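Per-entry structural report
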Amino acid sequence: MIKNAIKRIYVAFIFIFLYAPIATLMILSFNASKTRAKWGGFTLTWYQALFLNEEIMQALFNTLLIALTASITATLIGTIACISIMNLKKYTRTIIIGITNIPMLNADIVTGISLMLLFISTGLRFGMGTILLSHITFCIPYVILNILPKMKQLNPYTYEAALDLGAGPVYGFMKVVFPEILPGILSGFLMAFTMSLDDFIITHFTKGAGADTLSTKIYTEVKKGIKPEMYALSTIIFLTVLLLLLLVNKSPSNTKNTTQ
Amino acid sequence: MNKKKLLGTPYFIWSTLFILIPLGIVFYYGLTDESGAFTLNNVMAISSPGHAKSLWISLGLSLVSTLICLFLAYPLAMILCSGDHSLQTGFLSSKSNAAHKNIIVLIFILPMWMNFLLRTLAWQTLLEKTGVINNILAFLHLPALKIINTPYAIILGMVYNFLPFMVLPVYNSLIKIDPNVIHAARDLGANEFQVFTKITLPLTTPGIISGITMVFIPALTTFLISKLLGGGKILLIGNVIEEEFTQASNWHLGSGLSIVLMMFIIFNMVVSAVFDKDGKGGTL
């Protein structure tokens, strides 16, 4: 009994630790006072002001556009690359996977400056394009490392059987291989999307003047003082994601109740 | 077969262009001076008193943070897992188990959807002299917590931001342990402590190692946490490099210091490879 109580308290402690700042931000989004230090009463002004603030809306649009384009492109390139990686000789495969690991293991700051130096030396104009290229680069490894384990679990004979039974390579892949690796593709895509959405460091080095994502916008605001609209926006994003995840998880938990 | 190999071409070109060549450029800048002649001065600059101090502080703070993360995450992962194993022994489908696992993973991924900078700034609000925590402490007539703008606040920020990266790999390696192995050990007379040191710990070493890597590297190289919670007084090696690129515009020196940073990353990878011979650690 006591052991269970200690366990629960411990989990609750970590949970509070993880979510206390998030709760703080949510409360601040309803704070009528403009400074973070004082509570000035409940208000919904910041939610109204948010939709009228063109700069923040533009940054939000940029962030979503980059996260979506980067994660979709990365998923496409990554999935196709996985098929080829599985067919390589062991030695070449190790080298390719090693290279894939570099952006994940290397420090973000080094990845950021290395891409910045590349863009400067090729004379590319800094802006949305350079941010997008960088995001695709650090997203692909998440996709590949999520799909490869699924690929390794595949039974190679089912694909060969499909070919023997007259399926073409593309048809065989779509009917036999694709459904098996789909969970890996989806989790890779989601992880890439999350990482792109939350990235600051690499964007900081590869963005041009004027092209801001939410992270870099917040960073420039840190010195001047964060606009409370930002808290309102984060609260909306967080609650939307929470709601989506609850909806997605609802169906499996229903089956759980019935098996019990 | 050859056609399939060709499918990888876009990615191979991409990784050469955007992973290998950029790294090559960093090495080029780091190992040359303004005239383009080879020099080791940029790399050796790490031994100058200011830079060396930054490096030592970074190493110290990130080591402490990594250890705290490990000691917080391991019991947590065990608790979360014990809930799962009791599910397994019942006659529940593996599907519900997977759903349970998903929820746990989500709890730790979810905070990432609130912007990293805002989350860290929220700690500023919580820790300030007249912040939330101190108001609560004052209400309870307890002494005030004065950790904002000190190394302690930076450690807290590191632990807070990188804890999920420790929990997930440790949890993943714990959940893979066949419960029958533990049952067998108990049947053969092992006590709880022996089960832990002889079975659980060795089987989760790959998870621990990949957790350590995933916490230590970002903690070692961060420049934001120290900027937001350290009050700009404490310069980590990440801050030094960032300033060389954005303010001082000495790319040669910045690249040279980046090379030093990468040597630590490679050292960490070699150590992990020694501990994790089968390469089972993976990332997530």
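All values reported here derive from a predicted model rather than from experimental measurement.

Rules and cut-offs
Residues numbered from 1 in each chain as written. Chains lettered and ligands numbered in written order. Predicted model: local features only at pLDDT ≥ 70, side-chain atom pairs only at ≥ 80, totals over all residues. Heavy atoms only, no water. Helix = DSSP H or I, 4+ residues; strand = E, 2+ residues; numbered from the N terminus. Rg over C-alpha atoms; globule rule 2.2 N^0.38 Å. Buried < 20%, exposed > 50% of the residue type's maximum accessible area, 1.4 Å probe, protein only. Contact = heavy atoms within 4.5 Å. Lys, Arg positive; Asp, Glu negative; His and termini not counted. Charge placed at Lys NZ, Arg CZ, Asp CG, Glu CD. 1 Å grid on protein atoms, 1.4 Å probe; cavity = no way out; pocket = protein on both sides within 12 Å on 5 of 7 lines; lining within 4 Å. Points joined across faces, edges and corners; volume = space filled by probe spheres on them. Axes fitted to C-alpha atoms, helices over the stretch in contact; angles between N-to-C directions. Parallel < 35°, antiparallel > 145°, perpendicular 65-115°, else oblique. Left-handed = near helix turned anticlockwise from the far one by under 90°. Polar contact = N/O pair within 3.5 Å; in protein donor to acceptor, adjacent residues only side chain to side chain. Phe/Tyr/Trp six-rings, centres within 6.5 Å; stacked < 30°, edge-to-face > 60°. pLDDT = per-residue confidence, 0-100. Buried area = accessible area lost by both parts, 1.4 Å probe. Salt bridge = Lys/Arg side-chain N within 4 Å of Asp/Glu carboxyl O. Nonpolar A, V, L, I, M, F, W, Y, C, P; charged D, E, K, R; others polar. Domains from an automatic or database assignment. Patch = residues over 30% accessible without salt bridge, like charges linked within 9 Å, V, L, I, M, F, W, Y side chains within 5 Å. Areas by Shrake-Rupley, 256 points an atom, 1.4 Å probe, with all protein chains shown as cover.

1. Focus on the overall build of chain A
- In terms of regular secondary structure, chain A is built from 11 helices and 0 strands.
- Each helix and strand of chain A, ordered N terminal to C terminal, gives the series α-α-α-α-α-α-α-α-α-α-α.
- Radius of gyration (C-alpha) of chain A: 23 Å, far over the 18 Å computed for a compact globule of 260 residues.
- With respect to the three principal axes, the spread of C-alpha positions in chain A is 70 × 65 × 35 Å.
- Looking at the 260 residues of chain A, the share that counts as buried comes to 48%.
- In chain A, 69% of the contacts between residues at least 6 apart in sequence involve partners at least 24 apart.
- The averaged location of the 11 negative side-chain charges in chain A is 9 Å from the averaged location of its 20 positive side-chain charges.

2. Observations concerning empty space enclosed by the protein
- A complete count under the given rule lists 3 cavities of 30 Å³ or more for this structure.
- Taken as a whole, the largest cavity encloses approximately 60 Å³ of empty space.
- Together, I102, P103, N106, T111, S114 and T137 of chain A together with F18, I19 and L23 of chain B line the largest cavity.
- When residues of the lining of the largest cavity are traced back to their parent elements, those giving at least two are α4 (90-105) and α5 (108-122) of chain A together with α2 (9-30) of chain B.
- The greatest single-element share of the lining of the largest cavity, amounting to 3 residues, is contributed by α2 of chain B.

3. Observations concerning the packing of α5 of chain A against helix α13 (residues 251-275) of chain B
- Two elements in contact, α5 of chain A and α13 of chain B, have axes whose closest approach is 10 Å; the angle formed by their N-to-C orientations is 140°. What the angle tells us is that α5 of chain A and α13 of chain B run oblique. As for how α5 of chain A packs across α13 of chain B, the hand of that crossing is left-handed. Taken together, the residues of α13 of chain B that come into contact with α5 of chain A (itself represented by I109, V110, I113, M116, L117 and I120 of chain A) are W251, S255, S258, L261 and M262 of chain B.

4. A word on the side chain of T75 of chain A
Residue and element names in this part refer to chain A.
- Relative to the elements of secondary structure, T75 occurs in helix α3 (residues 54-86).
- Judged by its relative accessible area of 10%, T75 is buried.
- Among the polar contacts listed, one links the side chain of T75 to the backbone oxygen of S71, at a separation of 2.5 Å.
- Not counting the four nearest positions on each side in its chain, T75 is found in contact with V143, I185 and F189.

5. Let's talk about the packing of aromatic side chains
Residues and elements named next belong to chain B.
- Applying the stated rule across the entire model yields 20 aromatic pairs over all chains.
- Here the aromatic rings of Y29 and W251 are separated by 5.8 Å at their centres, their planes lie at 80°, and the arrangement is edge-to-face. Here Y29 is found in helix α2, whereas its partner W251 is found in helix α13, with 222 residues between them in sequence.
- Overall, the relative accessible area of 18% leaves Y29 in the buried class.

6. Some thoughts on the confidence of the model for chain B
Residue and element names in this part refer to chain B.
- For chain B, mean pLDDT is 85; residues scoring 70 or higher make up 89% of the total.
- Put simply, helix α5 (residues 94-109) is where chain B has its lowest mean pLDDT, 69, and α2 is where it has its highest, 94.
- For the stretch residues 87-93, pLDDT sits under 50, and the model shows 7 contacts to residues farther than four places along the chain or on other chains.
- In the model, residues 280-284 has pLDDT below 50 throughout and makes 13 contacts with residues more than four positions away in sequence or in other chains.
- Predicted complex, confidence summary: ipTM 0.85, pTM 0.86.

7. Points about the side chain of T213 of chain A
Residue and element names in this part refer to chain A.
- Positionally, T213 belongs in the loop between α9 (201-206) and α10 (214-224).
- Judged by relative accessible area, which is 5%, T213 ranks as buried.
- Excluding residues within four positions of it along the chain, T213 makes contact with A59, T63, I66, I131 and T203.

8. Concerning the interface of chain B and chain A
- Each side of the interface is counted separately: chain B has 78 residues, and chain A has 82 residues.
- Across the chain B/chain A interface, buried area totals approximately 7,500 Å², and carbon plus sulfur atoms make up 79% of it.
- Interface area lost by chain B to chain A is led by Y11, W113 and M114 of chain B, which between them contribute 11%.
- For the interface between chain B and chain A, the tally reads 1 salt bridge.
- Between R119 of chain B and D198 of chain A there is a salt bridge, and its shortest N-O distance comes to 3.0 Å.
- On inspection of chain B and its partner chain A, the count reaches 11 residue pairs in polar contact (both at pLDDT 80 or more).
- If one sorts the elements of the side of chain B that touches chain A by residue count, α2 of chain B sits on top with 14 residues.
- Taken together, the residues that form the side of chain B that touches chain A break down as 55 nonpolar, 17 polar and 6 charged.

9. Remarks on the domain arrangement of chain A
Residues and elements named next belong to chain A.
- The domain boundaries assigned to chain A delineate domain 1 (1-53 + 231-246) and domain 2 (54-226).
- Centre-to-centre separation of domain 1 and domain 2, based on C-alpha positions: 30 Å.
- Opposite the 7 residues of domain 1 that make contact, domain 2 presents 7 residues.
- When domain 1 packs against domain 2, close to 650 Å² is buried across both sides, 70% of that on carbon and sulfur atoms.
- The three residues of domain 1 that bury the most area against domain 2 are N53, Y231 and L233, which together make up 64% of that side's buried surface.

10. Describing the environment of T63 of chain A
All names here are of chain A.
- Positionally, T63 belongs in helix α3.
- Relative accessible area serves as the criterion here: at 6%, T63 is assigned to the buried category.
- Taking the C-alpha atoms as reference points, T63 and D199, 136 residues apart in sequence, are found 9.7 Å from one another.
- Here the side chain of T63 touches A59 through a polar contact of 2.6 Å, landing on its backbone oxygen.

11. Examining a nonpolar patch on the surface
Residues and elements named next belong to chain B.
- A cluster of nonpolar side chains, I266, F267, V270, V271, V274 and F275, forms an exposed patch at the surface whose accessible area comes to about 600 Å².
- Counting through the fold element by element, F275 comes out in helix α13.
- A relative accessible area of 55% places F275 in the exposed class.

12. Things to note about unusual backbone geometry
Residue and element names in this part refer to chain B.
- The backbone phi angle of N149 is positive, close to 65°, even though this residue is not glycine.
- Residue position: N149 is located in the loop between α7 (132-139) and α8 (151-175).
- Judged by its relative accessible area of 31%, N149 falls in the partly exposed class.

13. Examining the environment of K34 of chain A
Residue and element names in this part refer to chain A.
- Along the chain, K34 falls in the loop between α1 (2-28) and α2 (45-52).
- Taking the C-alpha atoms as reference points, K34 and K227, separated by 193 residues in sequence, lie 8.0 Å from one another.
- Non-local contacts of K34, meaning those with residues more than four positions away in its chain, are made with W46 and P228.

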